[in-house]
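# Summary of structural features
Listed below are the residues making up each chain.
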Protein chains: 2
Amino acid sequence: MAASKEIEEGAAFTPKYDADGLITAVVTDATSGELLMVAHMNADALAKTIESGEAWYFSRSRQRLWKKGEESGNVQRVKELRVDCDQDALWLKVDQAGGAACHTGRRSCFYRAVKLGKGGAATLEFRDADKAFDPKSVYRDR
Amino acid sequence: MAASKEIEEGAAFTPKYDADGLITAVVTDATSGELLMVAHMNADALAKTIESGEAWYFSRSRQRLWKKGEESGNVQRVKELRVDCDQDALWLKVDQAGGAACHTGRRSCFYRAVKLGKGGAATLEFRDADKAFDPKSVYRDR
């Protein structure tokens, strides 16, 4: 097979990292299918995730490896890990401990919608934005 | 509010682009909730998407703006657009024309699963990999 064909139709897992050595990870709830968050992995985070069955990521802001839930306890047990056609994005279906993935205390990080069809400055509308926990009581530095 | 608090809890839409001027876009089926694809938008693609209600992206490989479905006809009508807590990822819930988002002809780009808990070279297993169309009959250059 040609290289691109092998990547798309082959059975070899050859994740394609970007210039910073990262790959995008989309995380959904394994039961409800709801989109919880988007994060990034480096090769080390991906290896730890595959080995342990729990989600590890690489924090771009803190420039370090982190295990999801290491501070909050809200770990993610990975039920299924998929890769996309060109192998530059991952999909994790997880059991979310604590019922909330977002550090703001919400179930999903995607709790605001952008108004469509408007010109000019777009505004956001809160949706499904109830908090499952109080971040102040969970994180030391917030 | 402090800057980070304003980004996370405010109603102003201030998308945060990366060093290449791109933001990650996660695309799910508005009806089934299924993850269809991950793509990227620049500011122009995002503006066109908001104005038209149809999904536009920026192709990193071709380095150009593209309207999803411009060649295949499989356009995406955006039912809802959300942004995440730190405003560096977007979520599009779409009605997918033609029933398939992936250029390989499949409904979703995520048609292969990585075996978990294994050391060494990981292999992929095809799942939900039936093709909805034959890419050879849809794209000129494949």
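Notes on the structure follow. (Residues numbered from 1 in each chain as written. Chains lettered and ligands numbered in written order. Predicted model: local features only at pLDDT ≥ 70, side-chain atom pairs only at ≥ 80, totals over all residues. Heavy atoms only, no water.)

### Thoughts on the interface of chain A and chain B
Every contact between the two is made by 50 residues of chain A and, on the other side, 50 residues of chain B. Carbon and sulfur atoms make up 56% of the surface buried where chain A meets chain B, a total of about 4,300 Å² over both sides. It is F110, R112 and L116 of chain A that lose the most area in chain A upon contact with chain B, and together they represent 15% of the buried surface on that side. Applying the counting criterion to the chain A and chain B interface returns ten salt bridges. Joining chain A to chain B, the criterion identifies 34 residue pairs in polar contact (both at pLDDT 80 or more). (Contact = heavy atoms within 4.5 Å. Buried area = accessible area lost by both parts, 1.4 Å probe. Salt bridge = Lys/Arg side-chain N within 4 Å of Asp/Glu carboxyl O. Polar contact = N/O pair within 3.5 Å; in protein donor to acceptor, adjacent residues only side chain to side chain.)

### Some details on the sheet that holds strand β2 (residues 35-41) of chain A
If you trace the six strands from one edge of the open sheet to the other, you get β2(A)-β1(A)-β6(A)-β5(A)-β7(B)-β8(B), paired in mixed fashion. Edge positions in the sheet fall to β2 of chain A together with β8 (124-126) of chain B, since each of these pairs with one other strand and no more. Put simply, the sheet's adjacent strands are angled 30° from each other on average, direction ignored. Where strand β1 (residues 23-29) of chain A lies against strand β6 (residues 89-96) of chain A, six bridges are found, and the strand directions are parallel. Looking at β6 of chain A, one finds that T28 of chain A is bridged to K93 of chain A. (Pairing = 2+ DSSP bridges. Helix = DSSP H or I, 4+ residues; strand = E, 2+ residues; numbered from the N terminus. Axes fitted to C-alpha atoms, helices over the stretch in contact; angles between N-to-C directions.)

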